[in-house]
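# Structure assessment
If you want the building blocks of each chain, they are given just below.
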Amino acid sequence: MFEIDLNCSLFQVFRGTIADASDFDPTADAEALYNAMKGIGSDKEAILDLVTSRSNAQRQEVIAAYKSNFGQDLIDDLKYELTGKFERLIVSLMRTPAYHDAKEIHDAIKGTGTNERCLIEVLASRNNKQIHDMVAAYKDAYGRDLEEDVIADTSGHFKKMLVVLLQGTRDESGVVDADLVQQDAQDLYAAGEEQWGTDEAKFIMILGNRSVTHLRMVFDEYEKIAEMSIEDSIKNELSGDFERLMLAVVQCIRSIPMFFAKRLYKSMKGLGTADNTLIRIMISRSEIDMLDIRECFRLRYEKSLYNMIKDDTSGDYKRTLLNLCGGDDDLAGEFFPEAAQIAYKMWELSAMTRVQLRPTVRPASNFDPAADAQALRKAMKGFGTDEDAIIDIVARRSNAQRQEIRQAFKSLLGRDLMKDLKSELSKNLERLIIGLMLTPAEFDAKMMRKAMEGAGTDEHALIEILVTRSNQEIHAMNAAYQDAYKKSLEDAVQSDTSGHFCRILVSLVQGAREEGPADVERANADAQELADACNADSDDMVMKFMSILCTRSFPHLRKVFQEFVKCSNKDIEQIIKKEMSGDVKNAFYAIVCSVKNQPSYFADRLYKAMKGLGTDDRALIRIMVSRSEIDLFNIRKEFKETHDDSLHEFIQVETMIGDTSGDYRKTLLILCGGED
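Rules of the game
Residues numbered from 1 in each chain as written. Predicted model: local features only at pLDDT ≥ 70, side-chain atom pairs only at ≥ 80, totals over all residues. Heavy atoms only, no water. Helix = DSSP H or I, 4+ residues; strand = E, 2+ residues; numbered from the N terminus. Rg over C-alpha atoms; globule rule 2.2 N^0.38 Å. Buried < 20%, exposed > 50% of the residue type's maximum accessible area, 1.4 Å probe, protein only. Areas by Shrake-Rupley, 256 points an atom, 1.4 Å probe, with all protein chains shown as cover. Core = buried A, V, L, I, M, F, W, Y, C linked by side-chain atoms within 4.5 Å. Contact = heavy atoms within 4.5 Å. Salt bridge = Lys/Arg side-chain N within 4 Å of Asp/Glu carboxyl O. Domains from an automatic or database assignment. Polar contact = N/O pair within 3.5 Å; in protein donor to acceptor, adjacent residues only side chain to side chain. Axes fitted to C-alpha atoms, helices over the stretch in contact; angles between N-to-C directions. Left-handed = near helix turned anticlockwise from the far one by under 90°. Nonpolar A, V, L, I, M, F, W, Y, C, P; charged D, E, K, R; others polar. Parallel < 35°, antiparallel > 145°, perpendicular 65-115°, else oblique. Phe/Tyr/Trp six-rings, centres within 6.5 Å; stacked < 30°, edge-to-face > 60°. Lys NZ or Arg CZ within 6 Å of the ring centre and 35° of its normal. Disulfide = S-S within 2.5 Å. Expected span 1.5 Å × (residues − 1). pLDDT = per-residue confidence, 0-100.

Attention now goes to the overall build of the protein chain. Looking only at helices and strands, the protein chain has 41 helices and zero strands in total. Taking 676 residues into account, the globule formula puts the C-alpha radius of gyration at 26 Å, and the protein chain, at 28 Å, falls close to it. Overall size of the protein chain, expressed as C-alpha extent along the three principal axes, is 95 × 60 × 60 Å. For the protein chain, the residues scored as buried account for 52% of the 676 residues in total. Carbon and sulfur atoms form 47% of the exposed surface of the protein chain, whose accessible area is close to 28,900 Å².

The next thing to look at is the nonpolar core. When a protein is soluble and globular, its nonpolar side chains tend to lie buried together. Judged by nonpolar contacts, the single largest core of 206 residues is most densely connected at Leu207, Met282, Met448, Phe545, Leu549, Phe588 and Met624. Apart from residues lying up to four places away in sequence, Met282 is in contact with Leu264, Met290, Leu305, Ile309, Leu321, Leu324 and Cys325.

This brings us to the pattern of salt bridges. Here the structure, examined in full by the defined rule, presents 43 salt bridges. Across the salt bridge formed by Lys110 and Asp107, the nearest N and O atoms sit 3.6 Å from each other. On the basis of relative accessibility, which here comes to 32%, the residue Asp107 falls in the partly exposed class.

Frequently, the measure chosen for interface size is the accessible area removed from exposure when the parts meet. Parsing the protein chain into structural domains produces domain 1 (26-96), domain 2 (97-169), domain 3 (170-254), domain 4 (369-437), domain 5 (441-510) and domain 6 (598-672). Its C-alpha centre places domain 3 at a distance of 46 Å from the equivalent point of domain 4.

Our focus in this paragraph is the environment of Asp232. Following the sequence through the fold, Asp232 ends up in helix α14 (residues 230-237). In this structure Asp232 comes out as buried when scored by relative accessible area, which is 13%. Separated by 34 residues in the primary sequence, Asp232 and Thr198 place their C-alpha atoms 14 Å from one another.

So, on to the side chain of Glu221. Structurally, the position occupied by Glu221 is in helix α13 (residues 212-226). Judged by its relative accessible area of 18%, Glu221 is buried. Beyond its immediate stretch of four places on either side in the chain, Glu221 contacts Val181, Gln182 and Ala185.

Right, let's get into the environment of Asp133. With respect to the helices and strands, Asp133 occurs in helix α8 (residues 128-142). On a C-alpha basis, the gap between Asp133 and Ser498 in space is 63 Å, while along the polypeptide they are 365 residues apart. Of the polar contacts made by the side chain of Asp133, one reaches the side chain of Lys129; its length is 2.8 Å.

Where helix α29 (residues 459-468) meets helix α32 (residues 499-509), the axes come as close as 10 Å, and the angle between the chain directions of the two elements is 30 degrees. Considering the relative orientation of α29 and α32, their crossing is left-handed. Two secondary-structure elements touch here, α29 through Glu459, Leu462, Ile463, Leu466 and Val467 and α32 through Phe501, Leu505, Leu508 and Val509. Of the residues contributing to the contact of α29 with α32, the split by class is eight nonpolar, no polar and one charged.

Secondary-structure assignment places Ser286 in the loop between α17 (275-285) and α18 (290-301). On the basis of relative accessibility, which here comes to 2%, the residue Ser286 falls in the buried class. Sequence-wise, Ser286 and Cys325 are 39 residues apart; in three dimensions their C-alpha atoms are separated by 7.2 Å. For Ser286, the contacting residues outside a window of four places in its chain are Gly16, Thr17, Ile18 and Leu324.

With that settled, the discussion passes to unusual backbone geometry. When glycine is set aside, most residues are seen to have a negative phi, and most peptide bonds are trans. Positioned with a positive phi, Asp23 is a non-glycine residue whose angle comes to about 50 degrees. Assignment of secondary structure puts Asp23 in the segment before α1 (26-37). Despite not being glycine, Asn569 shows a phi value in the positive range, around 60 degrees. Position of Asn569 relative to the elements: it lies in the loop between α35 (554-568) and α36 (572-579).

At a closest axis distance of 11 Å, the pairing of α14 and helix α39 (residues 632-643) adopts a crossing angle of 105 degrees. The angle between α14 and α39 places the two elements in the roughly perpendicular class. Of the residues in α39, those in contact with Asp232, Lys235 and Asn236 of α14 are Phe633, Lys637, Glu638 and Glu641. In the contact of α14 with α39, the residues fall into one nonpolar, one polar and five charged.

Counted by the stated rule, this structure contains 15 aromatic pairs. Centre to centre, the rings of Tyr34 and Tyr66 are 6.4 Å apart; their planes meet at 55 degrees, and the pair counts as tilted. Of this pair, Tyr34 sits in helix α1 while Tyr66 sits in helix α3 (residues 56-70); the two residues are 32 residues apart in sequence, bridging distant segments of the chain. For Tyr34, a relative accessible area of 27% puts it in the partly exposed group. Take Tyr66: its relative accessible area is 1%, and that puts it in the buried class. Of the aromatic side chains, those joined through ring pairs into one cluster are Tyr34, Tyr66 and Phe70. Here the guanidinium or amino end of Arg358 rests over the ring plane of Phe633, the centre of that ring lying 3.9 Å away.

Following the criterion strictly, the structure yields zero disulfides and no others. Unpaired in this structure, Cys502 has its nearest cysteine sulfur neighbour in Cys550, at a distance of 12 Å. Note on Cys502: relative accessible area 11%, which makes it buried.

Residues separated by three or four positions in an α-helix point in the same direction, a consequence of the helix having 3.6 residues per turn. Over its 13 residues, helix α16 (residues 256-268) extends 19 Å from the first C-alpha to the last, a length consistent with the 18 Å expected when each residue adds 1.5 Å. Within α16, burial applies to Ile256, Pro257, Met258, Phe259, Phe260, Ala261, Lys262, Arg263, Leu264, Ser267 and Met268. The backbone nitrogen of Met258 lies 3.1 Å from a side-chain oxygen of the residue at the head of α16, namely Ser255.

Further remarks concern the confidence of the model for the protein chain. For the protein chain, the average pLDDT comes to 91, and 93% of its residues sit at 70 or higher. For residues 1-12, every residue scores under 50 in pLDDT, and the model assigns this stretch 29 contacts once sequence neighbours within four places are set aside.

Below you can see the structure in the form of structure tokens.
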């Protein structure tokens, strides 16, 4: 159990993994490094062990001792003896923090093209003194003014915010004026959500200058006024690099360690490693807050930073990074108190946020179902098919309008539009177009059927559909399934699944989840019951979790999961992943993810459908069709924030293989609704 102080900083004390070495002797260290590099070859292990066991201040003394004793520049010798990423990492460790930051910024803006993500990461996360030191180091190293170089290399509101951050004038007094908090929250709301268009200057002024403590309180007040988080407003109102910069500033205001945990994860996920980002963060945070970053990393990704580095890198480069990381948190097996504090705040934020769901497909204006029916017939009669005409009509109409077209097609032409489309189209394009022409209930019923027919079962599809649909949608799906397949959906699920997983799905198929706001007293009781169940045998634990997770409303569950952290000092996600397995674990985890942030859940499902070798086209089609008129715009934003690539770009690249005509890809991109 722990006390939650919602007004305090999540991290009162920053904790590094690298500290001053005891019994430090710079002359002895200089001699050891000289011996490690003389002769043929070099003792890389000796170099990395020495460099990573000294603080940066001690390394500067070693550099001075090396020159005094041997008349040579230590950094030049290291560059000569070492190669590749290992050389880059060791040499960067030898620079002071200010000169390291200055070099990173210089490399980000020199030559053709700009590394905007590096600019954003560094300038959004540094305090006033770090920025002033970096500006001075840049002038000394390159003989140029950093602000002038940034202005020359960037533009628009992105440039203006970078210039504000470069001043290093954020209020660090710690004094908070309650009236100003209210005023700033109202001003931000008036500058964005309340008006047509956005007053970017107001966002820049407030987010670029107010203190961390002040802004945390502003964000809380903003959520009360706007009924959405400041992050969601930024995603709605801003775009491009300016949007990414402002989101980074907000994330750093909330928790710098969590910001860097996300950056580290993105640097290593997927194919290839963003080594410059990985090196920059591991060096710059190793003496500040690496322990806290490790905790945030494990909280968010259920894997230690140590193990992710271990799996993603190799050789002396890996050993050096692991020394900076400082230890494997998975071996500890326990949840950190600081991470519990963050988990509590995350659930509180989720409970307070009212996300405005935004579709990408809307009803077409000047809609004429008869004209569309005639156009579709023209596109399919004779030799060949005009796929472009079909796509442009079907993908740019709402589902309700498509149903009118189906009816008009039969009334005017005496033909079944669905049969004609099936005979003229093929493969994934046919599956996608037919999916769009079905009603949502018919489509869900068909997807449930596809998930259960044949030899294997697509458990992930069953979970995704049943966890994310409302009671009304589930009832409509049940009726559509009975009508289409002359069998109840519940019977089909029971025939195709077993055990606790079957019971969870049957519970969800009832469409009997409670609706309405959280009941605070009952949420506390539910949280305690879940905490007590963690000490019961596995069967009792699953049944208790099912009785609460499958029946309570989402707003209520947000409060339950928040209070669960208080009761157990653990996050519900961690418990599910640690104590459960297989399809039961996947089902409960999907419920928790949907409760926390459903668009983010779908963004993750889309990423998994397309990453790696081959695309899970059934999952891709299912999500793009079912969410296009609900929240696909929100999903796009979550996808961009989590994976750094836009959904539009990801679809464009990942669907090229096997789609020689490009019609399938074109339809998906129309549904996606645009590039972020």
